[in-house]
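# Residue-level structure breakdown
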Amino acid sequence: MKKQLVEGIDFYYNAEGFVVLTEKYHLEKGFCCGNGCLHCPYNYDNVEEPRRSQFIRQKTERHAQEKEGG
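Attention in this report is confined to the structure presented alongside it. Because the structure is predicted, anything quoted here is derived from the model rather than measured.

### Some words on unusual backbone geometry
Put simply, glutamate 49 and proline 50 share a cis peptide bond, and its omega is 5°. As for its placement among the helices and strands, proline 50 is situated in the loop between helix H1 (23-29) and helix H2 (51-68). In this structure, asparagine 43 is a non-glycine residue whose phi angle is positive, near 55°. Structurally, asparagine 43 can be placed in the loop between H1 and H2. Residue asparagine 43 is classed as partly exposed on the basis of its relative accessible area of 42%. Although it is not a glycine, tyrosine 44 sits at a positive phi angle of roughly 55°. Within the secondary structure layout, tyrosine 44 lies in the loop between H1 and H2.

Rendered as structure tokens:
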């Protein structure tokens, strides 16, 4: 039996209306799927270069902006 996803815990809808899976969801899944998910806690391990480096750079920039309050 599959687990039912809970909005606000396992996923949310972004401004464009797309489903975004949370870090909690990914941690429970247990591995990087290779799709470059926004909240990937696995450092994009299964994403091929050069996309992997791009996603890591973007994530680093987002975290820096969050610390600055922007």
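That shown, we press on.
### Observations concerning the environment of glutamine 54
Here glutamine 54 lies in helix H2. The class of glutamine 54 is partly exposed, set by a relative accessible area of 35%. Considering only alpha carbons, one finds glutamine 54 and glycine 36, 18 residues apart in sequence, at a separation of 9.6 Å.

### Looking at H2
Its 18 residues place the ends of H2 26 Å apart at the C-alpha level, agreeing with the 26 Å of an ideal helix rising 1.5 Å per residue. Glycine 69, located one to two residues past H2, shows a positive phi value of around 90°.

### Looking at the packing of aromatic side chains
On inspection of all chains with the given rule, the structure shows two aromatic pairs. A centroid spacing of 5.6 Å and a plane angle of 90° characterise the contact between phenylalanine 11 and tyrosine 13, whose relative ring orientation is edge-to-face. Residue phenylalanine 11 is classed as buried on the basis of its relative accessible area of 10%. One cation-aromatic arrangement involves lysine 29 over phenylalanine 31; the distance from NZ or CZ to the ring centre is 5.4 Å.

Calculation notes
- Residues numbered from 1 in each chain as written.
- Predicted model: local features only at pLDDT ≥ 70, side-chain atom pairs only at ≥ 80, totals over all residues.
- Heavy atoms only, no water.
- Helix = DSSP H or I, 4+ residues; strand = E, 2+ residues; numbered from the N terminus.
- Buried < 20%, exposed > 50% of the residue type's maximum accessible area, 1.4 Å probe, protein only.
- Expected span 1.5 Å × (residues − 1).
- Phe/Tyr/Trp six-rings, centres within 6.5 Å; stacked < 30°, edge-to-face > 60°.
- Lys NZ or Arg CZ within 6 Å of the ring centre and 35° of its normal.

Without other data, these values stay purely geometric and don't point to any function.
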